[in-house]
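Descriptive structure summary
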Amino acid sequence: MDLANYVPSAFTSLLKNATELITFAYDVPFARAVVFGVHIGGHLFVEGLLLVVIIFLLSQKSYKPPKRPLTKKEIDELCDEWVPESLIPPVTEEMKREVPVLLSAAGPHTIINGKKVVNFASANYLGLMGHEKLLQLHNLLPLSFHVDVHLDCETRIAEFLGTPDSILYSYGLSTMFSAIPAFCKKGDIIVVDEGVHWGIQNGLYLSRSTIVYFKHNDMQSLRSTLEKVTQDNKRAKKLRRYIVVEAVYQNSGQIAPLDEIIQLKEKYKFRVLLDESNSFGVLGKSGRGLTEHFHVPVDKIDIITASMGHALASEGGFCTGSHRVVDHQRLSSSGYVFSASLPPYLASAAIAAIDVIEENPQLITMLRDNSKILSTGLLGIQGLELASDIMSPLVFLRLKKSTGSLKSDLQLLEDLADRGKCQTFDLKVLPAVCIVGLYGTTHKRFLKMMQLQVLKEHSVFVTTSKRSIVDKCNLPVGIRIYVSAAHTESDLQKACESLKTVAASLFTD
Amino acid sequence: MITIPYLTALTTYFSYGLLFAFGQLRDFFRKFIDWWKASNLQGYAPICLGLEDFYIRRLYLRIQDCFGRPISSPPDAWFDVVERVSNDNNKTLKRTTKVSRCLNLGSYNYLGFAAADEYCTPRVTETLQRYSASTCSTRVEGGSTALHVELEQVVADFVGKPAAMVTGMGYVTNSAILPVLVRHGGLIISDSLNHNSIVNGARGSGATIRVFQHNTPSHLERVLREQIAEGQPRTHRPWKKIIVVVEGIYSMEGELCKLPEIVSICKKYKAYVYLDEAHSIGAVGKTGRGVCELLGVDTADVDIMMGTFTKSFGSCGGYIAGSKELIQYLKYTCPAHLYATSISPPAAQQIISAIKVILGEDGSSRGAQKLAQIRENSNYFRSELQKMGFEVLGDNDSPVMPIMLYNPAKIPAFSRECLKQNVAVVTVAFPATPLLLARARICISAAHSREDMVKALEVISRVGDMVGIKYFPAEPKKPELEEGRKKSE
């Protein structure tokens, strides 16, 4: 009973209090003030209300059209409409051409199509292919794991070069593109020559670092690039900086001037990464490579990589440097960790090859003399000029000038095609001429036809080495001749003569 | 799917946390010591920054003796493991001249071709004398011998495709083919547990990469639909082409891929299928032709088939098989063909001979025997391990069997204890697997006999009890039957 009376009375007292409060606010003294001669009455209340309304409107979000995700039917339609490109572009005539097939070992003399020819197409610089020591291999088993032969090979290479340690990779191409991403990450700066081969380019791309190119083998350009890069990045102390060069460039045969590079490196505090595929076992008095050639102590170079498929007549690659460098790669280099190791017999072949090099330093002098003879012999050739260094075992001839208009190229092609049906001779010299096609398909076709004609008319074994579509190198095309210590002087003379006659006949048309 | 028990997860996290804390403490002291010793590389940024090689220095080096064990004999069913000693707490290991003869449970020697074989080895020796160990040049220059041409034909016939291309290394095959097939503007959809070579190849190609859940065709379909509807990122142009990359057998899980569903989905949405058969070629399937034969998929439906010769053929190298035009195009543009040395002639001969043995063309039935043997061996081993209570991954018929370890301390414990009892196993930890999911991976081969496997099972069971990795309850043996027999006797 009391409760029933209590509640309404409490309610009425509450209401009374509220109305008292409102009338009080309403009648508060300043509500009746006079400002600038204007009475302010109860409209303060109204203004307050207006302010509240304005704030409320401002706090509303702006109008956005509602998001409508695609319906299932629409996605179905889009999927039906979509037409993908074909997996490969249409196959052209060029792509269908077959490569010459060898029927015996690719030594200095080989057999193609039943004819005996002299081979200048293999990078068998010291003539170690077919050497008895390399063929007497005990472990012939292809499959392998971490066999102790590999460890022996690594120690042997490190001993030969004078570096603390080395690591063996199972493929020459994967050496560079696994070693670079192990040390260069996003944000680092790499200054690299524009003529490096695809393996290095891929490694640089995978490392996601900032890449700056300098002009091919031009020390001035290198100096100015280093200057610019140092200026731009003065504050970054934790940035790693590298210079990547090749000892003997695969794409041009030039030799990098290591002494100048070392001077620049010490001045600007960069680390050097050197690829010695074509110079290991070739340059230097005892074949220890570019560092011996320029009398630079080998510990000034941070990382040296090389492929063993050139002078060592084996397969695979290696990387040498300090202990820290090598040990880091054992866990972070993807081409080492995630792939199988080299077949043991190839590692044994490499060890045997290094033994042969150490015991016979005259092979290196023979090779150097041979390359000098060939380079000087080819100096007067028509239409082509020597682009490589005289000391390099990779003689590179490039076109003096392009043949001009497209039409004349096509004319040349037709003439060559006719001449290609010539008789062949028995035993002739076949300098393996590797022609690198650059200026589009007509030039490539022209060079390819030149190769075939030269093969048929003079039994010259010419191989066109093409540039892949993913290769970014812009160096001019040329003819690559691999000189070997096993070539005799008569081979070289014949090579010079045949090339000169062929070039003379082609470039006078 | 791997379901890690909660208690194990907690203890694993705790272990890693402890190791990390200790490592940081030691690094801290190392910084002081290095500050006193000046090195001659002042002004250069260190070649390995801070935490990059933290894992190597502080975690991996402690158990370095479990990895990279050198062997001094061919990796057959039994082999010689060289013993190593360390004087400075595992920082450097020195080889001794002692070897111990161990049972090999770690090599990928699925058909037993790793040892000297009566058919293959004489031919390989002869090839070595004739063609020498290497060709020293690329395939397009002076490196194509008659042997290479024959090899490509034999591989193409074996796999069931019109043509094939062979390179000298499996890793490079993936890294060099994907950039050529797909460029910027294309899409690569790859399984989340794909091999590092595929990941590298995909990154090097410049195309956009999307990942679908491991072996889940429904998720693949969802990703495909989304991506085709949306188009290229930011511009929304339609994709130039879409390639779906899967593997035959996943090397860390031992699972087979669900190929029929994936192929049907790709056909429906017009995507190209790229199959990496590194572990499955030669090891599964009735005649050893891989996962397509096993699961009944027509090889014409798979656009690009890739594989390696390291596992089942006892050699080295990789191949790509496809239509004739595809191979011609690849031979014209692929960097692995244009710039890299061709495959070594003796290795090529080994592959040809191995394929002849598998197909029975050498006049004996050893090939069929080997294939039956490996299937029997893998199924027996897997069922026995599961009965004992181990957590074993993988499908039936797959010769790869990972046993889960989880805890970082169990990795060296398992490995060292097994080695003491002359069984060599391979343990895998970070970075090849996720941090928590360390495992011991067992690869069974056709060269293992029944006694070898029984011994291995005994040793593993004993060590498993000692280390504590039997996460599932073991199946009880049947005591009533024995009692019954005793009573009747």
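This write-up is about the structure you can find in this document. Source: prediction; values computed, not measured.

Attention now moves to the overall build of chain A. Each helix and strand in chain A was counted, giving 17 helices and 17 strands. In chain A, which comprises 509 residues, the proportion classed as buried is 54%. Expressed as a percentage of contacts within chain A between residues at least 6 apart in sequence, the contacts between residues at least 24 apart total 72%. Accessible area for chain A stands at about 23900 Å²; split by element, carbon and sulfur atoms hold 59% of it.

Glancing now at a nonpolar patch on the surface. Residues Phe14, Leu18, Phe22, Leu25, Phe28, Phe29, Phe32, Ile33, Trp35 and Trp36 of chain B make up a contiguous nonpolar surface patch of roughly 1200 Å² in combined accessible area. Tracing the sequence through the fold places tryptophan 35 of chain B in helix H1 (residues 6-36).

This part is about empty space enclosed by the protein. Scanning all chains against the criterion turns up ten cavities of 30 Å³ or more. Each pocket or cavity is described by its volume, and for the largest cavity that value is around 380 Å³. Contributing to the lining of the largest cavity are 30 residues, with Leu173, His197, Gln250 and His310 of chain A together with Tyr339 of chain B lying nearest its centre. Those elements that place two or more of their residues in the lining of the largest cavity are helix H6 (172-183), strand E10 (303-307) and strand E17 (478-482) of chain A. Here the lining of the largest cavity takes four residues from H6 of chain A, the largest share from any one element. Residues that form the lining of the largest cavity fall into these classes: ten nonpolar, 15 polar and five charged.

What follows is about the interface of chain B and chain A. Each partner contributes residues to the interface: chain B has 104 residues there, and chain A has 100 residues. Counting the surface lost from both chain B and chain A, the interface buries some 9000 Å², and carbon and sulfur atoms represent 66% of this. For the interface between chain B and chain A, the tally reads two salt bridges. Between chain B and chain A we count 24 residue pairs in polar contact (both at pLDDT 80 or more) in total. Considering every element that reaches the side of chain B that touches chain A, the biggest residue donor is helix H5 (residues 170-181) of chain B, with seven residues. Class assignment of the residues belonging to the side of chain B that touches chain A gives a composition of 55 nonpolar, 33 polar and 16 charged.

On to the sheet that holds strand E12 (residues 426-428) of chain B, then. Residues and elements named next belong to chain B. Pairing is antiparallel across the open sheet formed by three strands, whose spatial order is E10-E13-E12. At either margin of the open sheet sits one strand with a lone partner, and together these are strand E10 (400-404) and E12. Across the sheet, the mean angle from the axis of one strand to that of its neighbour is 30°, orientation sign disregarded. Across five bridges, E10 lies against strand E13 (residues 439-443) in antiparallel orientation. Bridged to isoleucine 403 within E13 is alanine 440. Lying on the sheet, helix H13 (residues 366-388) is in contact with E10 and E13; it crosses E10 at an angle near 15°.

Conventions we followed
- Residues numbered from 1 in each chain as written.
- Chains lettered and ligands numbered in written order.
- Predicted model: local features only at pLDDT ≥ 70, side-chain atom pairs only at ≥ 80, totals over all residues.
- Heavy atoms only, no water.
- Helix = DSSP H or I, 4+ residues; strand = E, 2+ residues; numbered from the N terminus.
- Buried < 20%, exposed > 50% of the residue type's maximum accessible area, 1.4 Å probe, protein only.
- Contact = heavy atoms within 4.5 Å.
- Areas by Shrake-Rupley, 256 points an atom, 1.4 Å probe, with all protein chains shown as cover.
- Patch = residues over 30% accessible without salt bridge, like charges linked within 9 Å, V, L, I, M, F, W, Y side chains within 5 Å.
- Salt bridge = Lys/Arg side-chain N within 4 Å of Asp/Glu carboxyl O.
- 1 Å grid on protein atoms, 1.4 Å probe; cavity = no way out; pocket = protein on both sides within 12 Å on 5 of 7 lines; lining within 4 Å.
- Points joined across faces, edges and corners; volume = space filled by probe spheres on them.
- Nonpolar A, V, L, I, M, F, W, Y, C, P; charged D, E, K, R; others polar.
- Buried area = accessible area lost by both parts, 1.4 Å probe.
- Polar contact = N/O pair within 3.5 Å; in protein donor to acceptor, adjacent residues only side chain to side chain.
- Pairing = 2+ DSSP bridges.
- Axes fitted to C-alpha atoms, helices over the stretch in contact; angles between N-to-C directions.

Everything listed here is a matter of geometry and, on its own, says nothing about what the molecule does.
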